[in-house]
Amino acid sequence: MSGSNSDGVCATGGQVDELTMALIDAAFDRSEDCQEIISSSLFNLGRKKPELVLSSCYSYLKKHSKLAQGHRVAILQCMERIIHEELEELDKDLAINLIKQASEELTESKEVVPEWQTAASGVLVALGKKYCNEIMEEMLQKFQPGSLPHFFVVQTIANLCSVNVYGMVPHLTAVLGTMLPMLGMAKQDNMRWVFSSALSKFSEAIIEYIANIDKAPDPTVKKEMFSAEIFSAYDVIFNVWIQSKEMKLRLAIVEALGHMTHLMAKDKLEEQLPRILAGILGLYKRHPEPFHITQGLCSVLDAVCQEETHILEPHLEHVLNALFPQVFAQVDVNNPLSMKNHNEVLRCFAVIARSFSGKLTGILLQKLDQNNERIKIGILTIFKHLINAAAPSMEDKKEVVLSGLKGITQEHSNKVKKVFAQVVIAMGHHNYMELEGGTQMIEFIVTQCSLPADPPGAKRSPDPDHVTNVQLRMMCDHVLQLLTNTVEQMENVLWPYLLELVVPEKYTEAAGVVCRCLATIANKKREENAEDYDLDYETQANLPKPAAVIARLVTLAGRPQNGRQRGVHVLNLMKGLSPNLHDNLVELWDTVIPKLVQYLEDPDKQEEWSQKNWEDLLLKMLSKSLDVVDHEEWIAEFGEALANQIPMYNRYSEEKNFLYKCIGIVMRKSTKKDFVNKMLDQVFGTVKHTDQTEREGCAVSLGFCATSHLDAVLTKLETVTKTDMAQKKSGMFSFMKGDTKSEADIERIKSTLMLCYGYVALYSPPSLIISRMEATILRSLTPHFANVKDTSVKQNLIRAVDQIGQALHPSHLGQTYNFSNRGEFLTHLQTYMQLESTLNIGNETRALAMKSCTTLVKLDPILNDADMFDLIKTVTDCVFPLPLDGGFTPKKGKSDLDQEESEVLMEATIEALEELLTELLTKNCTPNAFDNILKVNIYKI
């Protein structure tokens, strides 16, 4: 059985009582760690037995009047924690005992003893959440007219206003009536501070009470009931006290004024506003840390910018001139008060916008015209805040804001653009984009998504806020995705507008994220059978035509790992758009594209990525797409679209390579001779002859075309030989004839031409290639083998020989062919290998030549022993002396290889040698020849 003893202690009659008293007794241990453990134990026990622990604490404090101050503080602090958690469980009689004891502790010393009295006040404030009237009865006994109360009595009453608004406001008429005469008696800064703080909390409580009057116990309370007293208090603290040199007091007065102005009569406020603003703004010069001043100013602005009042208007410019420098100043992210002040300044602008949105918008836009990065960032930051935090006030200013911010879309500073991107997000969330000019904001974001990567080796800016292209690009990628996926109304803006940004060259780098967002919307609309899914290319004139869209998307998909892994998104868009591109493509693409996406997303495929395999898959889909469309005019239109887009990839050789191959597929499918000849001219006329990647795309394209139009391709190549490779005429007037090709230019064109002949041979119909081989192809190639100086020409001749060898193999031809030129070709290849240095490996000539030799020796007739002996001796002589690392030396110039490149070349060379020797020694070599080879080469092998 539990009960209470004569001291008012709630007892259990057991060990818990003893444990409780032991913990209380030990609460002030010398060790701080022990103190913490004992305090936690007492608190945990108090959670389970609140009345026992609190009554024990009360009894202990009452009995031990001489207890050490630190011990009393420890007990009071523990009591406060328990009361906060278990207030509802306390018996009223115990609560009253605790109030009386805490009240005694509060004023036991007439001097201010902060730690002790703060702890006692904390107990009273915690109890005040439920027992406000009982505490006020106790406090008012110590708060009598005619004499200054104890510092902590005032502070306790003030803090009670914060925790129990509804309980305290009914007492405030009496409290203010008693307090006002005391203000003139307060001479010390600490008393003035506590009175100012109390007036702040009283005003705040009254404001909250009236704002929630429907929940209040007395709905008749009006702010006018307090206006006279508040104005009287204002008169003292503002006209007398604010002159104090004590910074803490001045800041407390500013905070109090912020709340008190809400309760002042309108005429009094209008009369005093110039002085109030001048007083507050003047403090900015006297205080290094402006946060509390800004907080008070914001509260004053909140009071005067209500109910369509314009009493601030004559002072608006003065206020803005004080706020702008704070927005423009650098925020110290390591200083919490600096961050808070920045946010409070922005809040001031949102408050001002309630009454002056038009005027404020005009001032902001005017300042935005200044060519100052810091000011632009500050103004955009304000706009971002206004759009988010003052949405109702800015509702009728949307068009003005959109129009005024258009100029920022041409900004060059990445720091400014970063902030503007955040403004665009805010506008997207608040329905700005649906207005005229909204798409310009989307175009701005896509333009940033298109930024090139920062140049390699560029110096890092010393500015800690420097924004790199990559950082801005990544941010804007996220912005576009956020607008697409989280702002429902943006769908109407982005669809189909984003499709206009897919084709233009300047948005190439952004293609991945644009396709991702478009794919999300397109597939969603397609699944939902949305009314606006179908595109009308006639009425929506800015949309690219289907052929142009397909040409662009297929080309971009050809290099799926470029453009920040764009492949999956491009393919998903193709699938989502297919009914809007051509009805005949829908079934095929719905079947094939998911498999291609799965191929790209397969982690195993990523580890052993083969670009060739991917291109084969995509070109196969393209070929089938042309088959299912089965319309000659459409195929020609698509080919024209591809050709028109060639210049877009002058900076993207890999994409241009694949685009050429796509054109080759289209030429292969077309039956129109004029169209094919036009495309051949386009391909060969646009290839960059200095770029092997483009050269290879051009050659494959002509090879694909040769499958169906062999003679047209050969005619084109012969024409190029006669015109583009004609030697430059000498003589002083030759420049007037337009013949400006240098010998180097001719060599580069020759290099492309040689490679084209190789691919044409490889892809031509087997039934036709033999008749054209000697009459045209070999006749065109053979004169160029001797005295080759240009490495590129040499290597592409070697590649052409390899492809001719593959074309003439029985497995490709379907018949046996006696290649009479093979010996001549092998001789040239061996000469090329012999000319390579054996000190180091600087290019792939050796590996290409051995690979080509391997292809040739597979053809009939079998090599005789002497030729085989010469070949093996040549290849071993040119490889075995090489160092294993390829003879790497530190780089001296741009053309030098690095160590990794040298090692890769060496590995490829050894692999080519192994393949050639294997082919020779297993198929072509007689036992007698093999013995001779071993005798000569045993020391090497």
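Parameters and conventions
- Residues numbered from 1 in each chain as written.
- Predicted model: local features only at pLDDT ≥ 70, side-chain atom pairs only at ≥ 80, totals over all residues.
- Heavy atoms only, no water.
- Helix = DSSP H or I, 4+ residues; strand = E, 2+ residues; numbered from the N terminus.
- Contact = heavy atoms within 4.5 Å.
- Axes fitted to C-alpha atoms, helices over the stretch in contact; angles between N-to-C directions.
- Left-handed = near helix turned anticlockwise from the far one by under 90°.
- Nonpolar A, V, L, I, M, F, W, Y, C, P; charged D, E, K, R; others polar.
- Core = buried A, V, L, I, M, F, W, Y, C linked by side-chain atoms within 4.5 Å.
- Buried < 20%, exposed > 50% of the residue type's maximum accessible area, 1.4 Å probe, protein only.
- Patch = residues over 30% accessible without salt bridge, like charges linked within 9 Å, V, L, I, M, F, W, Y side chains within 5 Å.
- Areas by Shrake-Rupley, 256 points an atom, 1.4 Å probe, with all protein chains shown as cover.
- Salt bridge = Lys/Arg side-chain N within 4 Å of Asp/Glu carboxyl O.
- Lys, Arg positive; Asp, Glu negative; His and termini not counted.
- Charge placed at Lys NZ, Arg CZ, Asp CG, Glu CD.
- Polar contact = N/O pair within 3.5 Å; in protein donor to acceptor, adjacent residues only side chain to side chain.
- Parallel < 35°, antiparallel > 145°, perpendicular 65-115°, else oblique.

So, on to unusual backbone geometry. Negative phi values dominate among residues other than glycine, just as trans dominates among peptide bonds. Residue Pro 496 is reached from Trp 495 by a cis peptide bond, and omega for that bond is -5 degrees. Along the polypeptide, Pro 496 turns up in the loop between α23 (491-494) and α24 (511-528). Geometrically, the link from Asp 860 to Pro 861 is a cis peptide bond, its omega value of 0 degrees lying close to zero. You can see Pro 861 is positioned in the loop between α40 (845-857) and α41 (865-879). One non-glycine residue, Arg 564, adopts positive backbone phi at about 60 degrees. As for its placement among the helices and strands, Arg 564 is situated in helix α26 (residues 562-565).

Along the chain, Met 21 falls in helix α1 (residues 15-25). Contacts of Met 21, omitting those with residues within four sequence positions, involve Ser 56 and Tyr 60.

Between helix α37 (residues 791-807) and helix α39 (residues 822-834), the shortest axis-to-axis distance is 11 Å and the interhelical angle comes to 145 degrees. Judged by the sense of rotation from one axis to the other, the crossing of α37 with α39 is left-handed. On α39, the residues touching Lys 794, Leu 797, Ile 798 and Val 801 of α37 are Phe 825, Leu 829 and Tyr 832. Its residues assigned to classes, the contact of α37 with α39 comprises 6 nonpolar, no polar and 1 charged.

As a further point, take the nonpolar core. Counting residues in each nonpolar core, the largest one holds 318 residues, and the members touching the most others are Leu 312, Leu 405 and Ile 442. Examining the composition of this core, we find that 13 residues originate from one element, helix α16 (residues 336-368), more than from any other. Excluding residues that lie within four positions of it along the chain, Leu 312 makes contacts with Leu 273, Leu 277, Leu 301, Val 304, Cys 305, Val 319, Ile 352 and Phe 356.

A few words now on a negative patch on the surface. Together, Glu 907, Glu 911, Glu 914 and Glu 915 line one region of the surface with negative charge. Mapped onto the fold, Glu 915 is located in helix α42 (residues 899-924). Owing to a relative accessible area of 39%, Glu 915 belongs among the partly exposed residues under this scheme.

For Gln 272, the position within the fold is in helix α13 (residues 266-283). With a relative accessible area of 10%, Gln 272 lands in the buried category. Side chain to side chain, Gln 272 and Glu 271 meet in a polar contact 3.0 Å long. Every residue in contact with Gln 272, bar those within four places of it in the chain, is listed here: Phe 231, Tyr 234 and Met 264.

For the pair helix α11 (residues 224-239) and helix α12 (residues 247-260), interaxial distance at closest approach is 11 Å and the crossing angle is 155 degrees. In terms of orientation, α11 lies roughly antiparallel with respect to α12. The two elements α11 and α12 cross, and the hand of that crossing is left-handed. Touching Ile 230, Ala 233, Tyr 234, Ile 237 and Phe 238 of α11 are Ile 253, Ala 256, Leu 257 and Met 260, all from α12. In terms of residue class, the contact of α11 with α12 is made up of 9 nonpolar, no polar and no charged.

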